[in-house]
Structures are given as C-alpha cells and as structure tokens.
Amino acid sequence: MDSDLSSQDRKDLDKFIKFFALKTVQIIVQARLGEKISTCSSSSPTGSDWFNLAIKDIPEVTHEAKKALAGQLPGIGRSMCVEISLKTSEGDSMELETWCLEMNEKCDKDIKVSYTVYNRLSLLLKSLLAITRVTPAYKLSRKQGHDYVILYRIYFGDVQLTGLGEGFQSVRVGVVGTPIGTITLSCAYRTNLALMSSRQFERTGPIMGIIIDHFVERPFTNMAHMHPCSYRTPGEDEGGTYAGIEDSQEVCTTSFSTSPPSQCVCTVSQAHFKTPKPALMATLKVPLMGLGVSQQLYSSRLSYQTPALGTVDLCHPTAFTAGAHPHQMVVPGKEGGVPQVPAQPNHGTAAEHGRIPSFPNGQSPLPAQPTSCVFLCLQVHPPPSPAPSSPLQGSLHSNSSSHSGGQPQDDFVMVDFKPAFSKDDLLPMDLGTFYREFQNPPQLASLSIDVSAQSMAEDLDSLPEKLAIYEKNIDEFDAFVDTLQ
Amino acid sequence: MNCRSEVLEVSVEGRQVEEAMLAVLHTILLHRSTGKFHYKKEGTYSIGTVGTQDVDCDFIDFTFVRVSADELDRVIRKAVAEFKDALGNSGSDGMGQISLEFYQKKKSRWPFSDECIPWEVWSIKVNVVNLANEQERQICREKVGEKLGEKVINIVEVINRHDYLPKMPTQSEVDNVFDTSLKDVQPYLYKITYQITDSLGTSVSTTMRRLIKDTLAL
C-alpha cells in the first residue's frame, strides 16, 4: 500500500495532514470565540496560507493542538478530537459538541497527493467554516460572556461522545480519500441542553445575597482566575522560542502544474520564526456583555427548539440577574464533582478539564465552587403550570429541602420568580406569564364564521314562509301604498 | 457528461428572502471559488489566498460565511435584489426560483458563438409566506435559521461527494472555466437566473414562450 506512494508524496501527504489538523482546530476554536471572524483575500500567494485559505493562527491554540498530537499524526485508530463545552459562572459545565478528525482504512491509491488531495482538503476546510456556524453551539458561543463561557479541549486517541448526553446528533462535514486512508471530519453535538449537576443545595450558600440586584453588572465572582481571551498575534510575542516543540513553521508555497500529473510540481519550503511563549488558553471569551440583553436573546433563541429537545421552555422573558433563575438545574458532575479546571493567573485557563494539569507556572487546580443556584434556565420536560408567586428565597429553600437527600437523578427544580417592578396584587401572575397567556386572545364570538353562517341559514329557511305571508296580505300592502301616494 | 442538478426549497417571510438567498448562494460560491491563479513558466501555477467573513442576518437567526470579495458580494446582492423585486411585483402567491449555474465555455469555430455547457446547477425554490403577528415572526426567524442550517449541511454534503469538477485549465483556457474578472477571488464561471411562478403554477417565462409560439403558428 505505502510502497506505491513515492517518498516525496508520502512526505507531502504527512505534511498536508498535519497542517490540515492544525487548521481544523483553529477554525473550530475561532468559531467559538464568540465574535465574527473576518480575513482578507489576497490575490498573490503569500506562501504561508495553507490550503489557499486565510485562516489566522492563534498561537496558543496551535500550541495546544501540537501538544495533543505530540508529534503524531491523525491516522487509522488515532483520531484528533476538539471538544467544545460550556461553563457557567457557578462552575457547572456541559459538553456541547465534539469535532472528530478520523482516518479509516479505505485508501484511494490513484489519487494525486499534491494536487487533488490538497485541493479537497482545502474544500473540506471551507465546509468546516460553513458547518461551524450551523451547529447549536455557535449561537451559544456568540452569547457567551457574563454568565457562561465556552471552553475547548483537544485530545488524541479514541473518540469520547458519552459527555454529550442522550440523543446527540451527528453531522458529517466531509471526507477526503488519500493513498493511506480516508480522512473524515464530523461533528457530534448535544441536543439535550438540560444542565445537570450533582452539587445539591446543601452546599449552596444563602440565596438572598445573590439575587436581587437587577441591572447591576456583576463580574464573574467565582471566576477570578479566568480572564478574557487575549491571544497574541505573532508581533506581540514575548520573545524566546518555545522549547520542546518544533519551533519552525513550515510554509507552504505550493505550485500546481497544468501539465500531465507525472510532471506535477510541488515545492514546500521552510521558514523559521519565533513562536510566542506558550500561554495556555482555555477561556476564549469576549468582554462582558449586557446581561439583560444577552439573557433575553438567549431565551428567545432557545424557546423554540426542534422536537429533539422536547419543549424547551425558558424562564420568563424579562431580564433577570445571573444569580436568580426560575428553573434550576442540577448538573451531574464528572467524577462526582465539578470538573477540575486548573487555575491560571494571567491568561485564560487551559480547557483541559478531565486531564491532569501540569503547567509551567505550577498552578493548583481550581477548587470546587460553592454554588448557590445554576443560572442557565433550560428544561427539557414540559413545564408545569406557573407556580403561584412566592418569594424566591422561600421556594428555593423548600425545594432544596426536598433535594437535600442528594438525588442526583432530579432534572430541575421549578422556582417561581419575581421580576423587578412587578406587583402581584391585581393579577396573581408575573409579567411574563401574563404576556404569554394574553398574547393570543381567542377570536370574538360575533366575528366567528359559524355564527354568521348559522344566522344566514336560518334566514334562508324562513324566507318561503315570509313570502307566503306577504302574498296572503298583498291587498293590505297595496292599500298602504295607496295611502302614501 | 451530465449536468449535476440540486434543488433546495425554502419557505420564508417577505423580508427574509434576500438574506436567505444570500446565505445559500454565498455558501455555494464559497466552495466554488478559488484564489487567483498566477501562471508561471513550465505550465505551473500558484493560487492566491481566499479570505472569509461571517455575515449575520438581520431578519433570520443565522450567520453564514462568504468569501471576502466585495465585488462578488455586490454582484450576488444585485441579482438577489432583482429576484426579490420580481417576486414582490409579480402579484403571484410569492413563489419563485433562483438558479445558480456553473458552466464551462467551449470554443466554437466561427461563425458559431462559444457554447456554454453547464456542469452544476443549484436551484433554490422560494415560497414567501405572510405572517400575522410578531410572535409568528419571531418563531419564523428561528425556524428559517434552522432550515438554512439544514440547507448548508445539504450543500456541504453534495460538494463533498467530489463529483465532476472541470479540469484545471492552462493559461489560455482559464477564462473558459473560471471567472477571472474579479480581483480577489476566482469563482468558476457562473450565471444566476430566476423565474417567478404565477398563481397558476406555471412560470411566467413558460407562459411567454407559449404565447410567442402560438403567435408564430398563426
């Protein structure tokens, strides 16, 4: 199999696969940064744009990807995966999707490496750009900021999809056949967005101190060691090459030939430049967003989901604080607790929850966060009728007592919510419920077609009788008319 | 070689027509555009770099990716705007179809003009719906966003079958395969046409053709 491939072709193919993997990771992570991505076209080839696509390289992401690959390449039985997860301000997290770059044994020996494979890999990257904007995590990532952040983790080896919950869906981005196997790129994404936590209310602090400061922007109080993304462009590097990882980036200056394939020319040259000092990036989040707006938009986005999600009914569409949410959820933590996320002083933390952290700065793992209530209000099951208004604290405490036995199987706790400036003396319901209930009033009875049709039918039926009466009294009518003249 | 034909259908509200068409057309063109070719000696060529940018829709909960080429964007927007106006003016039930056709030119001897041979045609059938209230519009925003997501997945599926693509041309033939008029990118030769379906279900162009045929038959 491999003997049919020339050594130059094999070298080129390995290089293409390596840089394809790195670019795949960049596209996925950049698509989850929470902002719109824009790169410029250039009519002259610069030599550094692999696959003829302008994809920026975030150094930390490249570093993480290279670290995960550890000098190997994705191959048969060795998949490269990028896991995207969501982490709330209280420390709960949930895997949203896993992107898998795999290779199977189906080979295409006749395919030309430096031409067809290269162009198809370029096409696959374009497809990846398109598909990363389509999966549900994209919308979530665009809204990240104050209440939750999106994290990524790269790993190599067997694909792990169990964290995606039940009923996850898959989408295949594309395949490219090569002489050594077929490369497949796909994404498995969660559809069940109920956030479950095994941390029960007995560990929660008092609710009161957290809820009612509407419209006051509270920082991520539990996330003091996580910082906004500040990835550096090559011009801002702190100097010094990175030890232990190859510190030359290969530049692709690929030429193609329009002559018959035997004369195919492919020149790949190497250029050496310093890579910035590694900074482990985990939290790629944008600056804090307006709380009320983000929550409202988020709730409106998720209030109409596909049937796979069940009836996702969010809390009331009014703005509310990060700490107070009508519907609480409990998240099953991994290994019985919050996934340990290593602390990081200056940059974002590494998104390597589940992995044993070992950082140059020797940071200790993040301690499990005492949490009051989980703020993401999503429920998968049909909501019960609105609870009568009651103080938020009271209902939370009463629910917490029922859960204090530590029942990790409960999905959520319904908590009634009192938004600001609402009075419940006239109508025993809050603004959101009122809005929902009276949004579609029934049609007026007098305007309904049945009633008018019925009266018309009755009129028509009575016409013959009326005509008979008129004919009988015709003389009277004639006399009446004569008096008028 | 048969022309590959793909049909996509969308139902949108009137103000969503433009963005929905742009999303689909740009997604297709993203995959059917390369960087500018630079031919060198010995029959080799190098390819420029294609940039991309995210576009948020205003009336649909959707973001799509297009190539960073303002000239191309202008051409597509103009075609979509004409289609939208035709849909609005037709007085029909709001049904129409816009087609993106990729073709190759085949040089013919004089006096015959060059032949355009399509190799891939994407037809997007549009059904415009009217909505009664704001709540329905909000639901439509999200629903259409999801539907467009499905269309993008369909498009990517077709593209990644790696079916027929024109051979990479020599320098003398490049204008028969690619549109080299743009300065940033080089899409395959394409043309955009549309037709509006009148309320009888027949297309206006078919009706016109029939009328002309009937007139000539007299």
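Everything here concerns the structure above.
Source: prediction; values computed, not measured. (Residues numbered from 1 in each chain as written. Chains lettered and ligands numbered in written order. Predicted model: local features only at pLDDT ≥ 70, side-chain atom pairs only at ≥ 80, totals over all residues. Heavy atoms only, no water.)

Visitor: Help me out: how do you make sense of the overall build of chain A in this one?
Guide: Secondary structure assignment for chain A yields ten helices and ten strands. Burial status across chain A gives 49% buried among its 485 residues. Within chain A, counting contacts between residues at least 6 apart in sequence, those at least 24 apart form 81% of the total. As displayed, chain A offers around 22,700 Å² of accessible surface, 56% of which is attributable to carbon and sulfur atoms. (Helix = DSSP H or I, 4+ residues; strand = E, 2+ residues; numbered from the N terminus. Buried < 20%, exposed > 50% of the residue type's maximum accessible area, 1.4 Å probe, protein only. Contact = heavy atoms within 4.5 Å. Areas by Shrake-Rupley, 256 points an atom, 1.4 Å probe, with all protein chains shown as cover.)

Visitor: Help me understand the packing of helix α1 (residues 17–31) of chain B against helix α3 (residues 134–159) of chain B, please; the structure alone is not making it clear to me.
Guide: Axis angle and axis distance: for two packed helices, these are the angle between their axes and the distance between the axes, and together they describe the pair. Residues and elements named next belong to chain B. Relative orientation of the contacting elements α1 and α3 amounts to 20°, with a least axis distance of 10 Å. Taken together, the axes of α1 and α3 are roughly parallel relative to one another. The chirality of how α1 crosses α3 is right-handed. In contact with A20, A23, V24, T27, I28 and H31 of α1, α3 contributes L148, V152, I155, V156 and I159. Considered class by class, the residues forming the contact of α1 with α3 number nine nonpolar, two polar and no charged. (Axes fitted to C-alpha atoms, helices over the stretch in contact; angles between N-to-C directions. Parallel < 35°, antiparallel > 145°, perpendicular 65-115°, else oblique. Left-handed = near helix turned anticlockwise from the far one by under 90°. Nonpolar A, V, L, I, M, F, W, Y, C, P; charged D, E, K, R; others polar.)

Visitor: Any chance you could explain the nonpolar core here in plain terms?
Guide: For soluble globular proteins, the rule of thumb is that nonpolar side chains tend to be buried together. Counting residues in each nonpolar core, the largest one holds 116 residues, and the members touching the most others are M21 and V126 of chain B. Not counting chain neighbours up to four residues away, the residues in contact with M21 of chain B comprise V10, V80, F83, I98, I124 and V126 of chain B. (Core = buried A, V, L, I, M, F, W, Y, C linked by side-chain atoms within 4.5 Å.)

Visitor: I keep staring at the interface of chain B and chain A and nothing clicks. Help me out?
Guide: Quoted interface sizes are often the accessible area lost when the parts come together. With 48 residues of chain B at the contact, the number on the chain A side is 50 residues. Contact between chain B and chain A buries roughly 4,100 Å² in total, counting both sides, with carbon and sulfur atoms accounting for 51%. It is T49, D54 and H162 of chain B in chain B that bury the most area against chain A; as a group they hold 16% of the surface buried on that side. Remark: the boundary between chain B and chain A carries two salt bridges. Joining chain B to chain A, the criterion identifies 18 residue pairs in polar contact (both at pLDDT 80 or more). The dominant element in the side of chain B that touches chain A, judged by the number of residues it contributes, is α3 of chain B, at eleven residues. Tallied by class, the residues present in the side of chain B that touches chain A amount to 15 nonpolar, 22 polar and eleven charged. (Buried area = accessible area lost by both parts, 1.4 Å probe. Salt bridge = Lys/Arg side-chain N within 4 Å of Asp/Glu carboxyl O. Polar contact = N/O pair within 3.5 Å; in protein donor to acceptor, adjacent residues only side chain to side chain.)

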